[in-house]
Amino acid sequence: MVAAKKGTCRICGDAITAFMSFGRMPIANGFLTEADLASEYFYELTPAFCAGCAAFQLIDPPPPQHLFHDRYPFFTSTSQLMVDHFSAFATSIAGHIADQRDPLVVEIGSNDGTMLEQLRRLGVRSVGVEPSRNVAEVARARGAETVDAFFDRDTAHRVRDSYGPAAAIVAANAICHIPDFNDLAAAVRQLLAPDGRFIFEDPYLGDMLRQNSYDQIYDEHVFMWSATAVARALDRHGLALIDVEAQPTHGGSMRYVCAHAGRAMPSSGVGALLERESRFGLTAPSTFDGFRLACEASAADFRSLLVSLAQHGKRVVGYAATSKSTTVLNYCDINPSLIECIVDSTPMKQGLLTPGSHIPVKSPEYFATDPPDYAVLFAWNHAREIFEKEQAFTRGGGKWISFVPALAILD
Ligand code: TMP
Ligand code: ZN
């Protein structure tokens, strides 16, 4: 048996040990050409839970420069669900800062400017910080002010010098991507106005455990936050969690509203969630031994279903080449003999190969013109939008395979 990987907690500095290994993993959004295959980057995907501060985190993930660059292929606006979500999020943010004069909103990880555009529509002054240059350019082309940078203390200084303090610092599915949370919190503290709000949402640890959605674990998600871990991590920096709000996005997320410590009363929802997390084991290391067993069982079932379908001569296609699917495809050792291709609506992914598993990515038109017997729903978090779009597939006798929360064939 290989020894479990050891590391140091990124929040509190305690010694931590991985509770499992997903094995050798490529970059989750590292789609490749044939020519890229020889130099494909791999690392070992090893999640750990810190008993000291309750932070669920990866040990030794790849450096962010390997993940976010000028070929980043994820664009928020490819999903109507996400566009609608950002519109509602922008309205909520505007409500939080309504009593401030000419408030500034800074968005961390602003991607293609979907949220900045919604804020602008509401007449709110905003600027985004986005390290992936290609998506930042898309944002700027639609008129969203964007700084090309990783968000750290240095960037926070620059933003404050140019635009003044922030009434709100906001982020959606971005804070969990930042490996040095302590530096981030210090940067937030420096940029946030005295009565400002730091509002971020990320995939929620409780939802991952409840649904056994282990595909949430991949290089970009350095942390899977719980309210307990967020509250403890903020406390080290003079910041406080004052409200929480569950979100349906990304398969179950939590929105955290934070403020400078002592400047606002926490809502009753915070205490209730902390209590619920303790009751459901989100603060207990032993929970993750059970989770490991559930991951192993889920992967074995999924692989044996695909092997059996291949043996019966069935054609299986994947639907949506998501970053989450990289963990599933590689952990379950799936290759083009089990899934012939994956269709995805993102033009930049089409014509490339999936990371590690090297399955060709094609346009959804392929799915419509040459429908397979089965389609694996990798974007299970967009199920409704996809089922709506692909009604012809089911009408023609096609069946969907889902593996979250449990393996199921839907017809
Ligand atoms: P996400 O799960 O990280 O949001 O990624 C969604 C991926 O799914 C993205 O690559 C686009 C793709 N997708 C489709 O191909 N068709 C669809 O209808 C939707 C909603 C997403
Ligand atoms: Zn810790």
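Look a little higher up for the structure.
Note that this is a predicted model, so its numbers are computed, not measured.

Draft legend 1. Representation of the environment of Met-254 within the structure. Structurally, Met-254 is set in strand E14 (residues 253-260). On the basis of relative accessibility, which here comes to 4%, the residue Met-254 falls in the buried class. Once the C-alpha coordinates of Met-254 and Asp-152 are considered, the two residues, 102 residues apart in sequence, prove to be 23 Å apart. Non-local contacts of Met-254, meaning those with residues more than four positions away in its chain, are made with Phe-200, Glu-201, Asp-202, Tyr-204, Val-244, Glu-245, Ala-246 and Leu-273.

Draft legend 2. Summary view of the coordination of the zinc ion (ligand 2). Within the protein, Cys-9 (SG), Cys-12 (SG), Cys-50 (SG) and Cys-53 (SG) serve as the donor atoms for the zinc ion (ligand 2), at 2.3 Å. Coordination at the zinc ion (ligand 2) comes from four donor atoms whose angles at the metal span 101 to 118°, giving a geometry best classed as tetrahedral. All donors of the zinc ion (ligand 2) belong to a single chain; written as a sequence motif, their spacing is C-x2-C-x37-C-x2-C. Side by side, Cys-50 and Cys-53 carry an identical accessibility label, which is buried.

Draft legend 3. Spatial organisation of the sheet that holds E14. Across the sheet, seven strands lie side by side as E9-E8-E7-E10-E11-E14-E13; this open sheet has mixed pairing. Unpaired on one side and paired on the other, strand E9 (146-147) and strand E13 (239-247) mark the two borders of the sheet. Direction of pairing for E13 relative to E14: antiparallel, over a ladder of eight bridges. Its bridge partner lying in E14, Ala-240 is registered against Ala-259. Sheet strands touched by helix H4 (residues 153-163): strand E7 (104-108), strand E8 (125-129), E9 and strand E11 (192-203). Its angle to E8, the strand with the most contacts, is close to 155°.

Draft legend 4. Inspection of the pairing of E14 at higher detail. The element E14 is largely enclosed, with a buried count of eight among its eight residues. In this antiparallel pair of consecutive strands, E13 and E14, the connection spans five residues, and His-250 shows a positive phi of 50°.

Draft legend 5. Seen up close, helix H3 (residues 133-141). Here H3 has its buried residues at Asn-134, Val-135, Ala-136 and Ala-139. For H3, the elements touching its buried residues are E9. Gly-143 sits one or two positions beyond H3 and adopts a positive phi of about 90°.

Draft legend 6. How the structure looks around the packing of aromatic side chains. Taken as a whole, this structure holds 22 aromatic pairs when the rule is applied. For the pair Phe-22 and Tyr-214, a centre-to-centre distance of 5.8 Å together with 15° between the ring planes defines the contact as stacked. Of this pair, Phe-22 sits in the loop between strand E2 (15-17) and strand E3 (24-26) while Tyr-214 is found in the loop between helix H6 (205-211) and strand E12 (223-224), placing the two residues 192 residues apart along the sequence. Tyr-214 shares its class with Phe-22; the two are buried. Both rings, one in Phe-56 and one in Phe-288, keep their centres 5.6 Å apart while their planes meet at 50°; by these two values the pair is tilted. Here Phe-56 is found in strand E6 (residues 56-59), whereas its partner Phe-288 is found in helix H9 (residues 287-311), with 232 residues between them in sequence. The exposure class assigned to Phe-56 is buried, which follows from its relative accessible area of 2%. Site record: aromatic cluster; members linked through ring pairs are Phe-19, Phe-49, Phe-56, Phe-288 and Phe-291. If you follow Arg-255 out to its NZ or CZ, it ends over the ring of Phe-89, 3.9 Å from the centre.

Draft legend 7. Quick peek at the side chain of Ser-126. Following the sequence through the fold, Ser-126 ends up in strand E8. Exposure remark for Ser-126: the relative accessible area of 15% places this residue in the buried category. Residue contacts for Ser-126: discarding those within four places in its chain leaves Leu-104, Val-105, Leu-116, Leu-119 and Glu-145.

Cut-offs used in this document
Residues numbered from 1 in each chain as written. Chains lettered and ligands numbered in written order. Predicted model: local features only at pLDDT ≥ 70, side-chain atom pairs only at ≥ 80, totals over all residues. Heavy atoms only, no water. Helix = DSSP H or I, 4+ residues; strand = E, 2+ residues; numbered from the N terminus. Buried < 20%, exposed > 50% of the residue type's maximum accessible area, 1.4 Å probe, protein only. Contact = heavy atoms within 4.5 Å. Donors = N, O, S within 2.8 Å, 3.2 Å for Na, K, Ca; no water. Tetrahedral: all angles 85-135°; square planar, octahedral: opposite > 155°, others 65-115°. Pairing = 2+ DSSP bridges. Axes fitted to C-alpha atoms, helices over the stretch in contact; angles between N-to-C directions. Phe/Tyr/Trp six-rings, centres within 6.5 Å; stacked < 30°, edge-to-face > 60°. Lys NZ or Arg CZ within 6 Å of the ring centre and 35° of its normal.

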